[in-house]
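Fold and contact review
So you can see what is in the structure, the chains are spelled out below.
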Amino acid sequence: MQGVGNPIVVLDFGAQYSKLIARRVREAKVYSLILPFNTPIEELKALDPAGIIFSGGPASVHASGAPKPDPAIFDLGVPVLGICYGVQLLADMLGGKVEAADEREYGIAHLTHDDPTGFLSDIDAQTQVWMSHGDKITQLPEGFKAIGHTENSPYAAIADAGNRRYGVQFHPEVVHTPQGAQMLSNFVHNVCGCDASWDMGSFVDMALEEIRAQVGDRKVLCGLSGGVDSSVAAALIHKAIGDNLTCVFVNNGLLRKGEAKFVQHVFRDNFHINLDYVDAEDLFLDALADVSEPEQKRKIIGNLFVEVFEKEATRLGHMDFLAQGTLYPDVIESISPSGGPSATIKSHHNVGGLPEKMNMELLEPLRELFKDEVRNLGRELGLPENIVGRHPFPGPGLGVRCIGAITRERLSTLQDADAIFIEEIQNAGLYDDIWQALVCLLPVRSVGVQGDERTYEEVCSLRAVTSEDAMTADWFRFPPEVLQRVSNRICNEVKHINRVMYDVTSKPPGTIEWE
Ligand code: XMP
């Protein structure tokens, strides 16, 4: 971890929020890493952390087998911040009392504080916080005092400033605690004394070092889709190990118009990466003929992808690692406020059982990162803006946007409409204001009139959303004239579409893709 300073360690007690905590710390320009709660004390010592954060978790401190760290952690002399379950652990392990509350406190609360220094400096006297806990602290351990309370929690924020131990019953890492990022920044800067020195440049140095250490002079195979994630992963790995990386790009026939050529141009011609282009269009489209059910489509596409990829890997000779541009949101679909297990909403084919099946080790250098961090990483690596700034595109591609039966003709119609939509968004200078824009071809037809003739053609739905991380999304408010231009162009220029809709569904309850 050269050049990134002493890290902040987030000890994970089973909360899905742990990564969000680590992310907030990194946003405060301090390097952070997540470790399991039972990480041996020697290992922690070796890291020489500047501070330790106990994450939340679904357990009760009184439950048998409740996850607890080695008590020797308190002898390290390192500042500690406990969050939710973490603060209850602090109280319980340091001699306070934690009891089951009569009622679970869940949702928004208002924190009033009377100590505007250190951990709570620059925080409003009253500020919104997000609560989600069953147990509560009923007696503080010696040395602690309350530095903030809510209507239901007298010990919502507590501190033993002398020993640099802090705790909050609420979740400072979530957006529903608007000043939570500031509190975490206060902890790492004011309490732990960290410099704001960590940035994407430091991440690159660290990631290159890690990749080289993990891979050595062995061979890496990377599935390149042309999307931001796999492109950045490929560029990063290529920078680390050069020609020992081979990328495989599978044209599944479900790509955007012109995409196959574009990706080959960028990676083969500009970046000089070993790129293996596989034209599997017929294979996929034949297998998808007459399939309309969304999960069935996804399974077929996912399975075929694995099949094609495996065949290609065998053809290329022995590879030791499989690299994937897996991000945090790919792994966990939704961060559940209760800390409970997240549900599989849709099967994402790019986080499947590929590597085990292929007997390869997995290399996922972006696994800890959120999308915006990956974009910054791509820029740091010199990838062009039209790659790093691109909207996300799902693995199953237009397959899940061609609602109903997938035929070559319908796909071509969809590609044309999609190209117009994206082009007009770019012309209007709105591309970067939108998280993702897409067109779905609907399985209905409608009557229209064109040049005095009755038409009975397909209907498409435009979708554009704003989002921070694809977990929630809102529909984009277009100036009406942009929608009008898109609609005119699609109806005039795209054969077989005579009606254009605009989708005004947020996520939840909708998802971003239709299938
Ligand atoms: P949903 O539709 O679930 O999508 O709101 C959330 C984000 O994930 C993308 N997505 C996928 N990405 N493989 C991917 O790589 C997939 O199978 C897949 N399905 C959805 C979607 O485009 C959006 O950005």
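Scroll up for the structure.
What comes next concerns the included structure. (Residues numbered from 1 in each chain as written. Predicted model: local features only at pLDDT ≥ 70, side-chain atom pairs only at ≥ 80, totals over all residues. Heavy atoms only, no water.)

1. Digging into the packing of helix α6 (residues 228-241) against helix α12 (residues 371-380)
One can describe the packing of α6 onto α12 by two numbers: an axis separation of 10 Å at closest approach and a directional angle of 45 degrees. With respect to α12, the element α6 is oriented oblique. Handedness of the crossing formed by α6 with α12: left-handed. Across the interface between the two elements, Val-228, Asp-229, Val-232 and Leu-236 of α6 pack against Lys-371, Val-374, Arg-375, Leu-377 and Gly-378 of α12. (Axes fitted to C-alpha atoms, helices over the stretch in contact; angles between N-to-C directions. Helix = DSSP H or I, 4+ residues; strand = E, 2+ residues; numbered from the N terminus. Parallel < 35°, antiparallel > 145°, perpendicular 65-115°, else oblique. Left-handed = near helix turned anticlockwise from the far one by under 90°. Contact = heavy atoms within 4.5 Å.)

2. Some points on the sheet that holds strand β7 (residues 145-149)
Taken together, the 9 strands give an open sheet; going across it, the order is β2-β1-β3-β4-β9-β8-β7-β5-β6, and neighbouring strands pair in mixed fashion. With partners counted over all chains shown, the strands left at the sheet margins are β2 (32-36) and β6 (126-139), one partner each. Sheet twist, expressed as the average angle between the axes of neighbouring strands with direction ignored, equals 25 degrees. Along the sheet, helix α1 (residues 18-27) contacts β1 (8-12), β2, β3 (51-54) and β4 (80-83); its crossing angle with β2, the most-contacted strand, is approximately 155 degrees. The strands that helix α4 (residues 180-191) touches are β1, β3, β4, β5 (97-113), β6 and β9 (165-168); relative to β4, the one it contacts most, it runs at about 165 degrees. (Pairing = 2+ DSSP bridges.)

3. Notes on the pattern of salt bridges
Throughout the structure, instances matching the rule amount to 27 salt bridges. Across the salt bridge formed by Asp-92 and Lys-68, the nearest N and O atoms sit 3.2 Å from each other. Taken as a pair, Asp-92 in helix α3 (residues 85-93) and Lys-68 in the loop between β3 and β4 lie far apart in primary sequence, 24 residues in all. Overall, the relative accessible area of 23% leaves Asp-92 in the partly exposed class. In this structure, Arg-489 and Glu-493 form a salt bridge, with 2.8 Å as the shortest nitrogen-oxygen distance. Residue Arg-489 and its partner Glu-493 are located together in helix α15 (residues 480-493), separated by 4 residues, close to a single helical turn. Among the residues examined, Arg-489 registers a relative accessible area of 18% and is labelled buried. Among the ionic contacts, a cluster of salt bridges with common partners joins Glu-423, Glu-424, Arg-485, Arg-489 and Glu-493. (Salt bridge = Lys/Arg side-chain N within 4 Å of Asp/Glu carboxyl O. Buried < 20%, exposed > 50% of the residue type's maximum accessible area, 1.4 Å probe, protein only.)

4. Here's the deal with the sheet that holds strand β13 (residues 321-323)
If you walk across this open sheet you meet the 5 strands as β12-β11-β10-β13-β14, and the pairing is parallel. The sheet is open, and its two borders are formed by β12 (274-279) and β14 (361-363), each paired with just one other strand. Strand-to-strand twist across the sheet, computed as the mean angle between neighbouring axes with direction ignored, equals 25 degrees. Inspection of the sheet shows strand β10 (residues 220-223) paired to β13 by 3 bridges, in the parallel sense. In the strand pairing of β13, Val-220 is matched with Phe-321. Strands β10, β13 and β14 of the sheet are contacted by helix α5 (residues 200-215), whose axis makes an angle of about 170 degrees with β14.

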